[in-house]
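Structural features, examined
As a plain string of letters, each chain reads:
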Amino acid sequence: AGIVLVGLWSAALARLLFEAMERLRQRRQLRGALAGYVGPQIVEEVMAGRLAADLGGKRAMVCVVFADIRGFTPRSESMTPEAVVDLLNLYFEEVLDCVHRHHGTVAQLMGDGLMAFFGAPNPLENPSRAAFAAAQEMFQRLEVLNLRLQTDGIEPIEIGIGLNTGHAIVGHVGARTRHEYTATGDVVNVAARLEGLTKEIGFPLVCSESVREQLPEETGLVSLGTHKIKGHSSMIVYGWRPG
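In what follows, the accompanying structure is described. Within each chain, residues carry numbers counting from 1 in the order of the written sequence. Confidence filtering applies because this is a predicted model: local features only for residues at pLDDT of at least 70, side-chain atom pairs given and counted only at 80 or more, and all residues used for totals across whole chains, interfaces and linings. Based on all heavy atoms of the structure, the side-chain values leave hydrogens and waters out of the count.

A few points about the pattern of salt bridges
- We count a salt bridge whenever a side-chain nitrogen from Lys or Arg sits within 4 Å of a carboxyl oxygen from Asp or Glu. All chains considered together, the criterion is met by eight salt bridges.
- Measuring nitrogen to oxygen at the nearest pair gives 3.1 Å for the salt bridge that ties R70 to E195. Note that R70 is positioned in the loop between β1 (56–69) and α3 (72–76) and E195 in helix α6 (residues 186–201), a separation of 125 residues in sequence.
- Each residue gets one of three labels from its accessible area relative to the maximum for its type: buried under 20%, exposed over 50%, partly exposed in between, using a 1.4 Å probe on protein chains only. Take R70: its relative accessible area is 22%, and that puts it in the partly exposed class.
- Look at E195 and you get buried, because its relative accessible area is 9%.
- For R148, the salt bridge identified is with E94, shortest N-O distance 4.0 Å. With R148 in helix α5 (residues 127–151) and E94 in helix α4 (residues 81–101), this pair connects stretches of sequence that are 54 residues apart.
- A network of salt bridges, in which partner residues are shared, links E94, D97, R101, E137, R141 and R148. Secondary structure elements are defined from DSSP: runs of H or I of at least 4 residues count as helices, runs of E of at least 2 residues count as strands, and each element is numbered from the N terminus.

So, in structure tokens, the structure goes:
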């Protein structure tokens, strides 16, 4: 009888261990699948139960980043759809990694553009510093990628980046059946306008004074004076370009 009980106990223990390992495998599989859609930070917060999927949001201090490939629309007209997708995937593989490495959140991919923000869901002591460091790394990684593209006879990629820091409402926006975790507010609109301003000013990165105030003096930012911002009051902006 004792041998039978030991056998039953061993079988039950083995079953429990198997089920625990299976749950862990499924959890890892789910985390990996979701991360490609909402980003690693959001997945970790949801899996840990710290971020509910309810619609709505909370006020947070964030630095918003908009990045866009220069002249991509006319460029894509001479490319096959497959080549366009391949090029975008190469590009996003580099720049999205920069966002995640500096603890940022990717809110949207819009064709050849992206919107990201730093400071939520995990608060950062200095979201502007993290965003600026991520933007600098984007240019560094892009330089390496362009060398690869040129060896394949592909025209190099040029981008423009706009940064702005301020309060936003951060949370899930949309409907119960389809929503996204994003930031909403004037700070977002201005960041988008600053990215557009890079085309006119001649600097690949343009940021607001609210960003500049949170960065050390030796960043290499250049004061560009007061500029008109479409749909917004004029503001002092700063420019930066890779050395």
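There's plenty left to go through after this.
Here we look at the pairing of strand β6 (residues 205–208)
- Of the two faces of β6, both are covered, the one formed by L205 and C207 as well as the one formed by V206 and S208.
- When DSSP locates at least two bridges between a pair of strands, those strands are taken to pair. Sheet analysis places β6 next to strand β8 (residues 232–240), joined by four bridges and oriented antiparallel. Counterpart to S208 in the pairing with β8 is V237.

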